[in-house]
Amino acid sequence: MKKSRLLYAIAFCMKLTAIQIFLSAVFTLSAFAKEAKAQGILDRLVTLDVKNVEMKNVIAEIKRKAEVDFIYSSTAIQTSHKVSIRATEKKLKDVLDELFKPLNIGYKVLNDQVLLYKTDGTKITMITLEQGSEKKISTIKGTVTNAQTGEPLAGATIAVKGKNRAVTTNNEGKFSIEADPGDVLIISSVGYATNEITIGAETTYAVKLNASDASLGNITVIGSRGKPRTNVDRPVPIDVISNKDLIATGQIDIGQALHFSAPSFSAQKFGINDLAPLVDPATLRGLGPDQTLLLVNGKRRHKVSFISLNQGVGKGQVGNDINSIPSEAVSNVEILRDGAAAQYGSDAIAGVMNLQLNNARSGGSFRVYTGVASSNPEHDDKGANANLKGKSIYKDGKKDGESYKASLNFGLPWGKDGFINTTIAIHHNEAYSREGKYKASRGWYTSNTTNDSILVLRNGINLNRAVLGGAKNTNAGIFINAGKKIDDNWNFYSFGGYTAKTVVGGVFSRPPSLASRRVLKIFPDGYNPIVPSKLKDFMLVTGIKGSLGNDWNLDFSAGHSGNIVDLFAENTVNPSMDSLSPTKFYTGGVAVKQTTFNADISKSFKKTTWAFGTEVRFESYEQKAGQAESYLAGARARTGSDVGSSGREGYTPQTQGRWTRSNVGVYTELEQEFSSAFLMNGAIRLENYSDFGSDFSYKVAGRYKVGSKFAIRGSVNRSFRAPSMPQLHYSNFSNIAFDNAGNSIYTPTLPIRNQLVQDAFGISELNPETSVDLALGVTSKFSNNFSLTLDVYQIKIKDRILLSQPIDAALFPAFTGTNYRQVNVFLNAYDTKTKGLDFVASYKANISNKSKLNLNLAFNLNKTDIEKIHLPAKIVAAGIDYNTNPEAQQDIIYFTKGTPTNKFIGTANYEVGKFTFLLRATRFGKVSDPLAPLFVVPTDPNAIKYQIFSVKTVTDLSLTFKPNPKIMFTLGANNLFDVYPDLLETPQTSDEVIYSRRVNQFGTMGRFFNFGINYNF
């Protein structure tokens, strides 16, 4: 139930006050705890009786008896020196004083360990004590190389054990990381054995990873705030895709690269389907685009500001535009395939995607890429599709789908210990078209077939006019990731970027025979509208992180980000204005912005990590009206002509406004290692939204190792997704939808805050979507070369939000006098259950010192069912039943069968000398389009009447030549065998649409040749 504003304010103040009090207590008590703990170690009793024994053996004996670890440099304190000492039940402090003071060796308790150092000022001295304080090593530097070949390893991960801190090596294999004496560095890279190094006196390390014991685990930070662990050791499933893996796909953007890398991830491209072409509707585990949380460097990123209103996958949902981030700026992508709202907040029902940015402080790379579709689809000679046989890559003298990309990444030092890593990227792809030839009973000019053919030929009309494949896209952006040491305890960091994108989509043909849309004085031969969209994305996060000693780690940050979209229509008219109409329109704009403040604190014990924190978030949504001509009803409106800019009608002044809300979330998380085999993790989170109230989430996950090669893991969590700002406030009073016959249907979309909606339907708010996720899995590392994971899951979601089917306004007295024929509104309408299975197997072997083979097989199976349909009582009372309503059943099919219910990816990567061969096969399961009727209606009344698109397998092949560590050439063929989705049994919209524009397995581009050059410096 909606709370009063007073209760909101009280809840808000109470939470902030509690946080402030708690943090103050932590800061104060931790300082006392630190001193008390150190004194407790030095008060331990020790008995020794040694004579003329090497110091290293004496230290080992003290370590055993006092149960304390020592940190020292053997060279600095000369552990080969022989000493003698006798002590009976003496305090450790007294023993150390007697043993080391005569040798000018000092000691200090750090992080449950005793640091030994020289006090005579030599170069090897690790630390110099000041009055009551300690000085830590500022920066640890090093290089990671292949132990066999000496080749530097780019993208290797270096993590500080027990702390949420990790970096990756640059293209020269170099790294720089903040660490304290006694910290343990975990160094890992795909295909190499993981190595661990304890920080001692040295500040520079040369790390050699042995490729003969290929490691299959990638160190991950996402999943818990405990110790960095390999993905196979986590209690929840995580995919880790490196930048190298992304580039190897031969795809131009990061969304498509992940589409062919992670089986549970889908990001289909669309041609004509409202605003869907502006962003690939990315999904995890077959759920909605808005049910995955996107993080960058562990910080929340905004969603898009627009909603696709047409029927199909993602209708009415607000997803992430992952393609607004250049793939070259990303060191790796972590995909957490498990509900995680208790840890990271709203939206994480399906899981979390975390993009780790490159943090190298030197070196860089320059990459150029180009490609072109080389398709020749041989379609069945069936009805309107016969004209497509032998279609070439050239259309109107232009190459089809031609793509270019250039990117520059470079790291620069910021002082002695900081870094500034910058990525600049621009890419452009031409549209590609897979349309049929316009054919309608009305003809292009006239319904008289003979006369129409003569006129078409005489006027040189090309009936292949609509762009029904992929939209023209130009994308340019810059991303910067920076960090620098402030003092011995604190580090400053900042990252973010700006991306500008222009997408030019197509719209169906407007022939001169169609009276409701024609303006013969402007377009006597008809016209094809184009609908450009300009998108701007920005993000800036700044913060500090550090420690208070004794493994108290703190991270405070503030961020601001957003998505701004301006919409246009060109080469079109407002038919109701006749010859007075312009041919170019600004049709309006939408924008979302968010400002976040985060405080994250964790404490690492020997076997336990405790974390807690808060996020305060302010969100806004803005909608702007278009120019008047884009929505005005001209004189011809009275005779039945369409109103507004044809192809994309403008937003009216009624839609204009700016709305805001705030959110406060607090969480706590605990990870406990009960033994080396048994690990448990738990989290709870409370969030309060100013517009709908509070929500509570929890999560419990565990992993138990059975022997040395197997582990069982499982989790249960309750997550939620708050209604997005566009779902709450978007409106469109000039929206025109079209049926498959091309007829116009006026269907305004009204927001839940609209008084008419509240009066008509008896609803005043949207509830959050809530989920319960159960998961169980097994992981196995049979050897250093072979591992697999198998996870099964069930996700039940209540109150899923969807955009309703058009509701007959005449059934509701509240709409009397509005002239609305039908209305659309967002509703909490469905409860769903998704069951699925994820499987990943990896095999890596070094055949010789100069060759190695990597094999990967991964697949996802998922099935979604509607468990319950619940509509507002007044809608039910009006006789609307979504259990029987044909239009509502269409939505259900898109929900449950619109994305592939299975996807298999098999990859073979063979490196030999300077060459790398990559072969990948991706098998996409069936999808269904309820708006694609079968060509022949079966006589069985119970038979399925809509088209089911069959299983397809896409094969990719690439060859990479690396003459030296600095330069790399890659030649690839995506969709080598030129595979296409099934054709529509019944072409749609005057036969122009021959492939479904509402469901999609892998796009309709066909074969695509690409070539890339990567230069490292």
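Analysis parameters
- Residues numbered from 1 in each chain as written.
- Predicted model: local features only at pLDDT ≥ 70, side-chain atom pairs only at ≥ 80, totals over all residues.
- Heavy atoms only, no water.
- Pairing = 2+ DSSP bridges.
- Helix = DSSP H or I, 4+ residues; strand = E, 2+ residues; numbered from the N terminus.
- Buried < 20%, exposed > 50% of the residue type's maximum accessible area, 1.4 Å probe, protein only.
- Axes fitted to C-alpha atoms, helices over the stretch in contact; angles between N-to-C directions.
- Core = buried A, V, L, I, M, F, W, Y, C linked by side-chain atoms within 4.5 Å.
- Expected span 1.5 Å × (residues − 1).
- Arc of directions from axis to C-beta.
- Lys, Arg positive; Asp, Glu negative; His and termini not counted.
- Salt bridge = Lys/Arg side-chain N within 4 Å of Asp/Glu carboxyl O.
- Polar contact = N/O pair within 3.5 Å; in protein donor to acceptor, adjacent residues only side chain to side chain.
- 1 Å grid on protein atoms, 1.4 Å probe; cavity = no way out; pocket = protein on both sides within 12 Å on 5 of 7 lines; lining within 4 Å.
- Points joined across faces, edges and corners; volume = space filled by probe spheres on them.
- Nonpolar A, V, L, I, M, F, W, Y, C, P; charged D, E, K, R; others polar.
- Parallel < 35°, antiparallel > 145°, perpendicular 65-115°, else oblique.
- Contact = heavy atoms within 4.5 Å.
- Patch = residues over 30% accessible without salt bridge, like charges linked within 9 Å, V, L, I, M, F, W, Y side chains within 5 Å.
- Areas by Shrake-Rupley, 256 points an atom, 1.4 Å probe, with all protein chains shown as cover.
- Phe/Tyr/Trp six-rings, centres within 6.5 Å; stacked < 30°, edge-to-face > 60°.

**Student:** What should I look at first to understand the pairing of strand β44 (residues 851-869) in this one?
**Tutor:** Two faces, one strand: in a regular strand the side chains alternate between the faces of the sheet. Across 18 bridges, strand β43 (residues 826-848) lies against β44 in antiparallel orientation. The residue bridging Gly836 from the neighbouring strand is Asn862, located in β44. What sits between the antiparallel neighbours β43 and β44 is a turn of two residues. Two strands pair when backbone bridges link them, and β44 and strand β45 (residues 902-912) are joined in this way by 11 bridges, in the antiparallel orientation.

**Student:** Where do I start with unusual backbone geometry in this structure?
**Tutor:** With glycine set apart, most residues show a phi of negative sign, and most peptide bonds adopt trans. We note that Arg285 has phi near 55 degrees; this positive angle belongs to a residue other than glycine. Along the chain, Arg285 turns up in the loop between β17 (283-284) and β18 (292-296). Under the relative-accessibility criterion, Arg285 is labelled buried at 1%. One non-glycine residue, Asp347, adopts positive backbone phi at about 90 degrees. Within the element layout of this structure, Asp347 appears in the loop between α7 (341-344) and β21 (351-357). The buried category is assigned to Asp347, whose relative accessible area is 8%.

**Student:** Would you mind showing me how to read the sheet that holds strand β10 (residues 184-188) here?
**Tutor:** Strand pairing in a sheet takes place through backbone hydrogen bonds and is either antiparallel or parallel in direction. The four strands are arranged β8-β7-β10-β11 in an open sheet whose pairing can be described as antiparallel. Pairing within the sheet leaves two strands with one partner each, and these edge strands are β8 (166-168) and β11 (195-198). Going across the sheet, the axis of each strand differs from the next one's by a mean of 20 degrees, ignoring polarity. Pairing between strand β7 (residues 157-160) and β8: three bridges, direction antiparallel. The residue bridging Thr157 from the neighbouring strand is Thr168, located in β8.

**Student:** Help me understand the nonpolar core, please; the structure alone is not making it clear to me.
**Tutor:** Nonpolar side chains in soluble globular proteins tend to be buried together. With 51 residues, the main nonpolar core has Phe306, Phe761, Phe815 and Tyr830 as its most contacted residues. Within the residue set of this core, elements represented by two or more residues are β30 (552-570), β31 (584-604), α9 (725-729), α10 (755-761), β40 (786-803), β43 and α12 (886-897). Here this core gets four residues from one element, more than from any other, and that element is β43. Residues Leu246, Ile322, Phe479 and Ile797 belong to the second largest nonpolar core, which totals 33 residues.

**Student:** Even after reading the chapter, I still don't get helix α2 (residues 55-66), so can you show me in this structure?
**Tutor:** Since the α-helix advances by 3.6 residues per turn, residues separated by three or four positions end up pointing in the same direction. The end-to-end C-alpha distance of α2 is 16 Å, a good match for the 16 Å that 12 residues give at a rise of 1.5 Å each. When we look at burial in α2, the residues that qualify are Met55, Val58, Ile59, Ile62 and Ala66. Along the long axis of α2, the arc covered by the buried residues comes to 100 degrees, so they all point the same way. Directly beyond the C-terminal end of α2, a positive phi value near 55 degrees is found at Glu67.

**Student:** Would you take a moment to explain the side chain of Arg1007 for this structure?
**Tutor:** One can find Arg1007 in the loop between β50 (967-974) and β51 (1008-1016). We note that Arg1007 is buried and unpaired, the nearest opposite charge coming from Asp978 at a distance of 4.2 Å. A polar side-chain atom of Arg1007 sits 2.9 Å from the main-chain carbonyl oxygen of Leu976.

**Student:** I would appreciate a short explanation of empty space enclosed by the protein in the present structure.
**Tutor:** Where empty space is left can be seen by rolling a probe of water-molecule size over the atoms. Counted according to the given criterion, the structure contains 17 cavities of 30 Å³ or more. Taken as a whole, the largest cavity spans an internal volume of roughly 590 Å³. In this structure, the largest cavity is lined by 39 residues; those nearest its centre are Gln251, Gln256, Lys269, Tyr432 and Met1005. For the lining of the largest cavity, the elements supplying multiple residues, two or more each, are α6 (254-259), β26 (418-429), β27 (472-485), β28 (490-506) and β49 (952-964). Per-class residue counts for the lining of the largest cavity are 16 nonpolar, 17 polar and six charged. Residue lining of the second largest cavity: 21 residues in total, with Lys303, Gln594, Glu619, Ser724 and Met725 positioned closest to the centre. Mapped onto the lining of the second largest cavity, the elements with two or more residues apiece are β31, β32 (608-625) and α9. Taken together, the residues of the lining of the second largest cavity break down into seven nonpolar, five polar and nine charged.

**Student:** Would you mind showing me how to read the packing of α2 against helix α4 (residues 92-100) here?
**Tutor:** If you want to describe how two helices pack, look at the angle between their axes and the distance between the axes. Across the interface, α2 lies against α4 with an axial gap of 12 Å and an inter-helix angle of 175 degrees. By the angle between their directions, the pair α2 and α4 is classed as roughly antiparallel. From α2, Met55, Val58, Ile59, Ile62 and Ala66 reach across to α4, where they touch Leu92, Val95, Leu99 and Phe100. Of the residues assigned to the contact of α2 with α4, the class counts are nine nonpolar, no polar and no charged.

**Student:** Got a minute to help me understand a nonpolar patch on the surface in this structure?
**Tutor:** On the surface, a nonpolar cluster with roughly 730 Å² of combined accessible area is contributed by Tyr704, Val706, Phe710, Ile712, Leu776, Val778, Phe782, Leu790 and Val792. Every element with two or more residues in the nonpolar patch is listed here: β35 (693-706), β36 (710-721), β39 (769-783) and β40. With respect to the helices and strands, Val792 occurs in strand β40. Relative accessible area serves as the criterion here: at 36%, Val792 is assigned to the partly exposed category.

**Student:** How should the pattern of salt bridges be read in this particular structure?
**Tutor:** A side chain of one charge can pair with a side chain of the opposite charge when the charged atoms of the two come close. Inspection of every chain in the model, using the stated rule, returns 37 salt bridges. Across the salt bridge formed by Arg367 and Glu328, the nearest N and O atoms sit 3.0 Å from each other. With Arg367 in strand β22 (residues 364-373) and Glu328 in the loop between β19 (299-300) and β20 (330-336), this pair connects stretches of sequence that are 39 residues apart. Salt-bridge contacts for Glu619 lead to Arg617; the nearest nitrogen and oxygen are separated by 3.7 Å. Connected through salt bridges with shared partners, the residues Arg300, Asp347, Glu615, Arg617, Glu619, Arg661 and Asp691 form a single ionic network.

**Student:** What is the right way to look at the sheet that holds β18 in this model?
**Tutor:** Spatially, five strands are ordered β15-β20-β21-β18-β19 in an open sheet, and the strand pairing comes out mixed. In this open sheet, the two edge strands, each paired with only one partner strand, are β15 (238-242) and β19. Note that β18 and β19 share two bridges and pair antiparallel. Note that in β19 the partner of Leu295 across the bridge is Arg300.

**Student:** What am I meant to see in the packing of aromatic side chains here?
**Tutor:** The geometry of an aromatic ring pair is captured by the separation of the ring centres together with the interplanar angle, meaning the angle of the planes. The tally for this structure, following the rule as stated, stands at 27 aromatic pairs. With centroids separated by 4.7 Å and ring planes inclined at 20 degrees, the aromatic side chains of Tyr689 and Phe692 adopt a geometry described as stacked. Neither Tyr689 nor Phe692 differs from the other in exposure class; each is buried. Taking 6.1 Å as the distance between ring centres and 20 degrees as the angle between the ring planes, the aromatic pair formed by Tyr980 and Tyr995 counts as stacked. Of the two residues, Tyr980 is situated in the loop between β50 and β51 and Tyr995 in the loop between β50 and β51; the sequence distance between them amounts to 15 residues. Neither residue differs from the other here; Tyr980 and Tyr995 are each classed as buried. Linked through ring pairs, Phe761, Phe812, Phe815 and Tyr820 together constitute an aromatic cluster.

**Student:** So what exactly am I meant to see when it comes to the side chain of Asn354 here?
**Tutor:** Residue position: Asn354 is located in strand β21. When its relative accessible area of 3% is taken as the criterion, Asn354 is described as buried.

**Student:** Would you take a moment to explain the environment of Asp831 for this structure?
**Tutor:** Following the sequence through the fold, Asp831 ends up in strand β43. A relative accessible area of 9% means that Asp831 is categorised as buried. Those residues in contact with Asp831 that sit more than four places away from it in its chain are Ile797, Lys798, Asp799, Asp865, Ile866, Glu867, Lys868 and His870. Here the side chain of Asp831 touches His870 through a polar contact of 2.8 Å, side chain to side chain.

All we've got here are geometric facts, nothing functional implied.
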